[in-house]
Amino acid sequence: VTRLSGALELLQELAPGLSLQASLRGDHSSTWGRQWTPGAGLAWVAAPGLKLRAAWGKAFRAPSFTELYYDSPAQKGNAALQPERSRSFEVGADWYGKGGTTLSATLFRRRDQDLIDWVRRAPKDPWSAANLGAVRAEGASLQVSGRPAARLGASFGWSWTRLDIPPSDFVSRYAPDCVRHHVTGTLAADVAAGTVLAATCTYKDRALPGPDPLLLSLKLSRRFGSLEASLQGDNLLDRRWEELQGIPLPGRTFSAGLRWRQGGR
């Protein structure tokens, strides 16, 4: 199998406050032939502190070796798979207020053609790789950050996603398992010179049945010039949770780290 790829990108100011970003990627494979994936985006500073933006793009993903040829009692590849193709579009706005306050809102829509997933028709059947057909996703996101007090920073994020999967006589393993609502809030306090204590709460409402816990993490970091030392605790409430259905992730964990930044930046 031979592969060849290349990409071009253009950033151009069309008028004061109006900019265009365009890209084009080309891939050639002895298996899948020639594929073009263009993208384009516009950004407009509509008023002081307010930016409006829109973006469109196409994507392409060839099946992996596992999806094509893997064979075991639990999973079976499919050499007849077709590549995934998708188109996406989004619009949004960013507002920059006083004191470093920012607010971003985005609406998006994506259409996948020939999405690849593992499927089966009966509980005792092995999972088999298959193209699902046309799958649509749409949603929205909101991000807010700022400093409510001189020594306190805060941020909040929320996203919502809805999937439209065509009806079928089989069960899909991963495609329906989207996060319908994802909420994250963080507070970071400057407790002393060069020392920051940050607390983050995260909640994910998944489309499939399973645990949807509230996760809490704390991080204490201290800077010594170019060196930063940190202590972190994750899932401090020791909740049972899964990023992918059927794969439990760690409970309460603690870690320590050192990071060096050149010039102390």
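Let me sum up the structure you'll find in this document. No experiment lies behind these values; they were computed from the predicted model shown.

Let us now look at the overall build of the protein chain. Counting secondary structure elements, the protein chain contains one helix and 19 strands. Expressed as lengths along the three principal axes of its C-alpha atoms, the size of the protein chain is roughly 60 × 55 × 35 Å. Taken over 265 residues, the protein chain has a buried fraction of 23%. Residue pairs at least 24 apart in sequence account for 47% of intrachain contacts in the protein chain once pairs closer than 6 positions are excluded. Of the roughly 16,700 Å² that the protein chain leaves accessible, carbon and sulfur atoms contribute 60%.

In this section: unusual backbone geometry. The phi angle at Asn235 is positive, at roughly 50°, despite the residue not being glycine. Note on placement: Asn235 falls in the loop between strand S16 (227-234) and strand S17 (242-244). The exposure class assigned to Asn235 is buried, which follows from its relative accessible area of 6%. A positive phi angle is found at Asp238, which is not glycine, with a value near 55°.

Two side chains with opposite charge may pair up if their charged atoms get near one another. Counted under the stated rule, the structure contains 17 salt bridges. When the shortest N-O distance is used, the salt bridge between Glu138 and Arg162 registers 2.7 Å. One end of the pair, Glu138, is in strand S10 (residues 135-149); the other, Arg162, is in strand S11 (residues 152-164), and 24 residues separate them in sequence. Notably, a salt bridge pairs Arg180 with Asp205, separated by 3.1 Å at the nearest N-O pair. Taken together, the residues Arg180 in strand S13 (residues 179-192) and Asp205 in strand S14 (residues 195-206) connect sequence positions 25 residues apart. On the basis of relative accessibility, which here comes to 35%, the residue Arg180 falls in the partly exposed class. Its relative accessible area of 14% is what places Asp205 among the buried residues.

So, on to the side chain of Gln35. As for its placement among the helices and strands, Gln35 is situated in strand S3 (residues 33-47). Take Gln35: its relative accessible area is 11%, and that puts it in the buried class. A polar side-chain atom of Gln35 sits 3.4 Å from a polar atom in the side chain of Arg85. Discounting residues that sit within four places of it in the chain, Gln35 has contacts with Arg25, Gly26, Asp27, Phe60 and Arg85.

Taken together, Val191, Leu197, Leu218, Leu220 and Leu231 make up a surface patch of nonpolar side chains, about 410 Å² in accessible area. Mapped onto the secondary structure, Val191 falls in strand S13.

There is a patch of like positive charges on the surface, built from Lys58, Arg85, Arg87, Arg111 and Arg136. The topology assignment puts Arg136 in strand S10.

Reading guide: rules and limits
Residues numbered from 1 in each chain as written. Predicted model: local features only at pLDDT ≥ 70, side-chain atom pairs only at ≥ 80, totals over all residues. Heavy atoms only, no water. Helix = DSSP H or I, 4+ residues; strand = E, 2+ residues; numbered from the N terminus. Buried < 20%, exposed > 50% of the residue type's maximum accessible area, 1.4 Å probe, protein only. Contact = heavy atoms within 4.5 Å. Areas by Shrake-Rupley, 256 points an atom, 1.4 Å probe, with all protein chains shown as cover. Salt bridge = Lys/Arg side-chain N within 4 Å of Asp/Glu carboxyl O. Polar contact = N/O pair within 3.5 Å; in protein donor to acceptor, adjacent residues only side chain to side chain. Patch = residues over 30% accessible without salt bridge, like charges linked within 9 Å, V, L, I, M, F, W, Y side chains within 5 Å. Lys, Arg positive; Asp, Glu negative; His and termini not counted. Charge placed at Lys NZ, Arg CZ, Asp CG, Glu CD.

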